[in-house]
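This is what each chain is made of:
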Amino acid sequence: KQETRMKKDDSTKVWPPKYKQLLQIEDHDFAMRPGFADFTMTFYLRHYWKDERLSFPSTTNKSMTFDHRLIKKIWVPDIFFVHSKRSFIHDTTVENIMLRVYPDGNILFSLRVTVSAMCFMDFSRFPLDRQNCSLELESYAYNDEDLMLYWKHGNKSLNTEEHISLSQFFIEEFSASSGLAFYSSTGWYNRLFINFVLRRHIFFFVLQIYFPAMLMVLLSWVSFWIDRRAVPARVSLGITTVLTMSTIATSVSASMPQVSYVKAVDVYLWVSSTFVFLSVIEYAAVNYLTTVEEWKRFKKRGQISGMYNMKAVQAMAFDGCYHDSDMDQTSFSLHSEEDSMRGKCTGSPGTDSSQIKRRKSLGGHVGRIILENNHVIDTYSRILFPIVYIIFNIFYWGIYV
């Protein structure tokens, strides 16, 4: 008989619910690397059994209590923790062991122990995951024909503190179960399980991963509202968002569990990075088509001389300044255009008055100018990108939460 009282759970990592009845230990493929992780648990482990050899006469029917020094002189169950990596009995200020013997030979053997055991964690839904872990107890030498292990009070044998606080998880459930383990060389053994379900805190990951990634995607859409001829502004914005998303993904990968399958956070970061990257590709297409359109327009108006070739058109597209043809929608000669561009981009004193008049005229027609200078790809991108990203978020959070 055994009863366990959970005192503290410093669990950081975990495995799913294991076996129900039969455990085929020999069937495990130990050549493959499983997704092991650790959890650490401190608890009181209490054993109950009856040894009539230790019974004694008593008129008051009171028990006798002993410390750890008597343990080595009597028989005690040889319980060990399956899959444990480290374990120890607390010894401050003396070994935390208590032995209580009743007149009829019933014995209570209690000790305070800390165990670090292996768990199998499924990170496919990380960090929106729920993990199941179990601590397993078994007799090392005695099989089920020699020693029977069972929980004294069933599920009530696990008594936990009301408020167990963990840094990464909520403890959703504790339960006790039992089963049989089979070893081909020694036979069947009783095994006891302490099962608990952990749900990961999500708020930290929302602040550190999801919100920054979402913000970068939204920031990349600002490019759709910037004039298509403002090449430095749009290119700088696109490169900045791409590099920021790469930094976020790299920092997340360095701090996350290293597994060979795709995690939920990977899906979100990859899709967000794709949206940011597509915004850069979108402007590359807009810039190219804009240059082609300007070339065709100038060629059609017969305003391209031998000195004014495609390079000049590209320079105008990359200088970040508006063309007179786009502002006034009037015809002009090559000479007058160059004077106008020089006046706008260099800001010479002789053209101050004309610039002031132009700004006043421009101020009243800003909306018209912005619309006229928009490319159809930008117009559609302003609608399609947000709609698709919202749909992705609806499916993502609906599936993983």
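Model, not experiment: these values are computed from the prediction.

**Some words on the environment of I226**
Part 1 of the reasoning: By the element assignment, I226 lies in the loop between α1 (203–220) and α2 (231–255).
Part 2 of the reasoning: Separated by 152 residues in sequence, I226 and D378 have C-alpha atoms that sit 9.2 Å apart.
Part 3 of the reasoning: Dropping the residues within four chain positions of it, I226 is found in contact with A233, R234 and L237.

**Overview of the packing of aromatic side chains**
Part 1 of the reasoning: Under the criterion given, the structure shown has 26 aromatic pairs.
Part 2 of the reasoning: Ring-pair connections join several aromatic residues into one group, and the members of that group are Y210, W221, F224, Y268, F275, F385, Y389, F392, Y396, W397 and Y400.
Part 3 of the reasoning: One cation-aromatic arrangement involves R297 over F298; the distance from NZ or CZ to the ring centre is 5.8 Å.
Part 4 of the reasoning: Cation over ring: R382 sits above W225, and NZ or CZ is 3.9 Å from the ring centre.

**Things to note about the pairing of strand β9 (residues 130–139)**
Part 1 of the reasoning: Taken across its 10 residues, β9 has 8 buried, putting it largely inside the fold.
Part 2 of the reasoning: Bridging between strand β5 (residues 79–82) and β9 involves 4 bridges; their strand directions are antiparallel. Bridge pairing in β9 places F80 opposite E138.
Part 3 of the reasoning: Both β9 and strand β12 (residues 187–200) contribute to a ladder of 9 bridges, which runs antiparallel. Paired with E136 across the two strands is F193, which belongs to β12.

**What to know about the state of the cysteines**
Part 1 of the reasoning: Applying the stated criterion to the full structure yields 1 disulfide.
Part 2 of the reasoning: Disulfide pairing is shown between C119 and C133; the S-S distance is 2.1 Å. You can see C119 sitting in strand β8 (residues 106–120) and its partner C133 sitting in strand β9, a full 14 residues away along the chain.
Part 3 of the reasoning: Take C119: its relative accessible area is 0%, and that puts it in the buried class.
Part 4 of the reasoning: Overall, the relative accessible area of 2% leaves C133 in the buried class.

**Quick look at the side chain of T42**
Part 1 of the reasoning: On the secondary structure map, T42 appears in strand β3 (residues 36–50).
Part 2 of the reasoning: Here the side chain of T42 touches T114 through a polar contact of 2.8 Å, side chain to side chain.

**Let's talk about the side chain of S381**
Part 1 of the reasoning: Mapped onto the elements of the fold, S381 is located in helix α9 (residues 376–400).
Part 2 of the reasoning: A polar atom in the side chain of S381 sits 3.4 Å from the side chain of E282.
Part 3 of the reasoning: A polar atom in the side chain of S381 sits 2.7 Å from the backbone oxygen of I377.

**Section: the nonpolar core**
Part 1 of the reasoning: Grouped together as the largest cluster of nonpolar side chains are 63 residues, with contacts concentrated most on F39, F43, F81, L135, L269 and Y396.
Part 2 of the reasoning: Among the elements that take part in this core, β8 stands out by supplying 7 residues, more than any other.
Part 3 of the reasoning: Each of domain 1 (19–200) and domain 2 (202–310 + 374–400) gives at least three residues to this core.
Part 4 of the reasoning: For F81, the contacting residues outside a window of four places in its chain are F43, L45, V113, V115, L135, E136 and L137.

**Some details on the pattern of salt bridges**
Part 1 of the reasoning: If you walk through the whole model with that rule in mind, you get 13 salt bridges.
Part 2 of the reasoning: R200 serves as the salt-bridge partner of D129, at 2.7 Å between the closest nitrogen and oxygen. Of the two residues, D129 sits in the loop between β8 and β9 while R200 sits in strand β12, which places them 71 residues apart along the sequence. By the burial criterion, D129 is buried, and R200 matches it.
Part 3 of the reasoning: A salt bridge links D266 to K263, with the nearest nitrogen and oxygen atoms 3.2 Å apart. Each member of the pair, D266 together with K263, is buried.
Part 4 of the reasoning: Among the charged side chains, a network of salt bridges with common partners joins R130, E172 and R199.

Rules used in this analysis
- Residues numbered from 1 in each chain as written.
- Predicted model: local features only at pLDDT ≥ 70, side-chain atom pairs only at ≥ 80, totals over all residues.
- Heavy atoms only, no water.
- Helix = DSSP H or I, 4+ residues; strand = E, 2+ residues; numbered from the N terminus.
- Contact = heavy atoms within 4.5 Å.
- Phe/Tyr/Trp six-rings, centres within 6.5 Å; stacked < 30°, edge-to-face > 60°.
- Lys NZ or Arg CZ within 6 Å of the ring centre and 35° of its normal.
- Buried < 20%, exposed > 50% of the residue type's maximum accessible area, 1.4 Å probe, protein only.
- Pairing = 2+ DSSP bridges.
- Disulfide = S-S within 2.5 Å.
- Polar contact = N/O pair within 3.5 Å; in protein donor to acceptor, adjacent residues only side chain to side chain.
- Core = buried A, V, L, I, M, F, W, Y, C linked by side-chain atoms within 4.5 Å.
- Domains from an automatic or database assignment.
- Salt bridge = Lys/Arg side-chain N within 4 Å of Asp/Glu carboxyl O.

Scope: geometric values only; no functional claims are made or implied.
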